[in-house]
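# Structure assessment
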Amino acid sequence: MLIAVLASLAYLGGGIALIASSQSFGVFPEPGVLRYSMAVMLIVYGTFRIFRAYQQIRNET
């Protein structure tokens, strides 16, 4: 269960990093539709995984 929560936070963090980061070191692609759509998809998927982990924790008790 801990791994599911950590993976969810990693997806959320990746999405937020894509939105908030600058062009430092050229690691991330240039700001544009592709970058922001990938960020939104990561945030949505991370939120979905957190919801699923919450449901599993709730059903175990």
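Refer to the structure above for everything that follows.
The sections below set out a description of the structure shown in this document. Values in this document were obtained by computation on a predicted structure and should not be read as measured data. (Residues numbered from 1 in each chain as written. Predicted model: local features only at pLDDT ≥ 70, side-chain atom pairs only at ≥ 80, totals over all residues. Heavy atoms only, no water.)

The next thing to look at is the overall build of the protein. Looking only at helices and strands, one finds two helices and zero strands in the protein. Expressed as a percentage of contacts within the protein between residues at least 6 apart in sequence, the contacts between residues at least 24 apart total 62%. With an accessible surface of roughly 4,600 Å², the protein has 71% of that area assigned to carbon and sulfur atoms. (Helix = DSSP H or I, 4+ residues; strand = E, 2+ residues; numbered from the N terminus. Contact = heavy atoms within 4.5 Å. Areas by Shrake-Rupley, 256 points an atom, 1.4 Å probe, with all protein chains shown as cover.)

Describing an aromatic ring pair means giving the distance of the ring centres and the angle of the ring planes. One pass over the structure, following the stated rule, counts two aromatic pairs. For the ring pair Tyr11 and Tyr45, a centre distance of 4.9 Å and an interplane angle of 80° mean the geometry is edge-to-face. Taken together, the residues span a long stretch of sequence, with Tyr11 in helix H1 (residues 2-20) and Tyr45 in helix H2 (residues 33-60) at a distance of 34 residues. According to the relative accessible area criterion, Tyr11 is partly exposed, its value standing at 31%. (Phe/Tyr/Trp six-rings, centres within 6.5 Å; stacked < 30°, edge-to-face > 60°. Buried < 20%, exposed > 50% of the residue type's maximum accessible area, 1.4 Å probe, protein only.)

For H2, built from 28 residues, the straight-helix expectation of 40 Å at 1.5 Å per residue is met to within 8% by its first-to-last C-alpha distance of 41 Å. Regarding H2, the residues found buried are Arg35, Ala39, Leu42, Gly46 and Ala53. The inward-facing, buried residues of H2 abut H1. (Expected span 1.5 Å × (residues − 1).)

On the surface, a nonpolar cluster with roughly 600 Å² of combined accessible area is contributed by Met1, Leu2, Val5, Leu6, Leu9, Ile50 and Ile57. Those elements that provide at least two residues to the nonpolar patch are H1 and H2. For the nonpolar patch, the element with the highest residue contribution is H1, accounting for four residues. Following the sequence through the fold, Ile57 ends up in helix H2. Residue classification places Ile57 among the partly exposed residues on the basis of a relative accessible area of 39%. (Patch = residues over 30% accessible without salt bridge, like charges linked within 9 Å, V, L, I, M, F, W, Y side chains within 5 Å. Salt bridge = Lys/Arg side-chain N within 4 Å of Asp/Glu carboxyl O.)

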